[in-house]
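# Tertiary structure, described
So the chains spell out like this:
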Amino acid sequence: MSENKIYKDVHNYTKYKLVEMLIDKYKDKKMDNLNQIEQVADDVLKILSIAGLKYYSELKSKFETGE
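Residues numbered from 1 in each chain as written. Predicted model: local features only at pLDDT ≥ 70, side-chain atom pairs only at ≥ 80, totals over all residues. Heavy atoms only, no water.

Turning our attention to the nonpolar core. Counting residues in each nonpolar core, the largest one holds five residues, listed as Leu18, Met21, Tyr26, Val40 and Ile47. Listing elements by their share of this core, those giving two or more residues are helix H1 (3–26) and helix H2 (34–65). Tallying contributions element by element places H1 first for this core, with three residues. Residues contacting Ile47, with those up to four places away along its chain left out, are Thr14, Lys17, Leu18 and Met21. (Core = buried A, V, L, I, M, F, W, Y, C linked by side-chain atoms within 4.5 Å. Buried < 20%, exposed > 50% of the residue type's maximum accessible area, 1.4 Å probe, protein only. Helix = DSSP H or I, 4+ residues; strand = E, 2+ residues; numbered from the N terminus. Contact = heavy atoms within 4.5 Å.)

Right, let's talk about the side chain of Asp43 for a bit. Its place among the elements puts Asp43 in helix H2. By relative accessible area, which is 7% here, Asp43 ends up buried. Within the structure, the side chain of Asp43 is placed 2.5 Å from the side chain of Tyr26, a separation counted as a polar contact. In this structure Asp43 touches Met21, Lys25 and Tyr26, once residues within four positions along its chain are discounted. (Polar contact = N/O pair within 3.5 Å; in protein donor to acceptor, adjacent residues only side chain to side chain.)

What follows is about a nonpolar patch on the surface. A grouping of Met31, Leu34 and Ile37 is seen on the molecular surface, where their side chains present a nonpolar patch of about 290 Å² in accessible area. With respect to the helices and strands, Ile37 occurs in helix H2. (Patch = residues over 30% accessible without salt bridge, like charges linked within 9 Å, V, L, I, M, F, W, Y side chains within 5 Å. Areas by Shrake-Rupley, 256 points an atom, 1.4 Å probe, with all protein chains shown as cover. Salt bridge = Lys/Arg side-chain N within 4 Å of Asp/Glu carboxyl O.)

Moving on: the pattern of salt bridges. Applying the stated rule across the entire model yields three salt bridges. Close ionic contact of Lys5 with Asp9 constitutes a salt bridge, the shortest N to O distance being 3.2 Å. Of this pair, Lys5 and Asp9 both sit in helix H1, four residues apart, which is roughly one turn of the helix. Put simply, Lys17 and Glu20 hold a salt bridge, and the shortest N to O gap is 2.9 Å. Of this pair, Lys17 and Glu20 both sit in helix H1, three residues apart, roughly one helical turn.

A separate point is the packing of aromatic side chains. On inspection of all chains with the given rule, the structure shows one aromatic pair. Ring centres 5.9 Å apart and planes at 70° place the aromatic pair Tyr13 and Tyr55 in the edge-to-face group. Remark: Tyr55 occurs in helix H2 and Tyr13 occurs in helix H1; sequence separation between them is 42 residues. With a relative accessible area of 22%, Tyr13 lands in the partly exposed category. (Phe/Tyr/Trp six-rings, centres within 6.5 Å; stacked < 30°, edge-to-face > 60°.)

Function cannot be read off these values alone, since they describe shape.
Written out as structure tokens, the structure is:
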């Protein structure tokens, strides 16, 4: 898999999962207090963790081999 393709795949997957989560959890909610904003931040970090774990092995091998 080319280097650009793996980064595009990671980008697209992460973006898709973030949009999906925001629509599912926050489409009918108004962000009007700090607790809701903190919850969004926690949810974003969770999605970033999921995306990172999904592509970890592919990216790790690329960085180790210097490709």
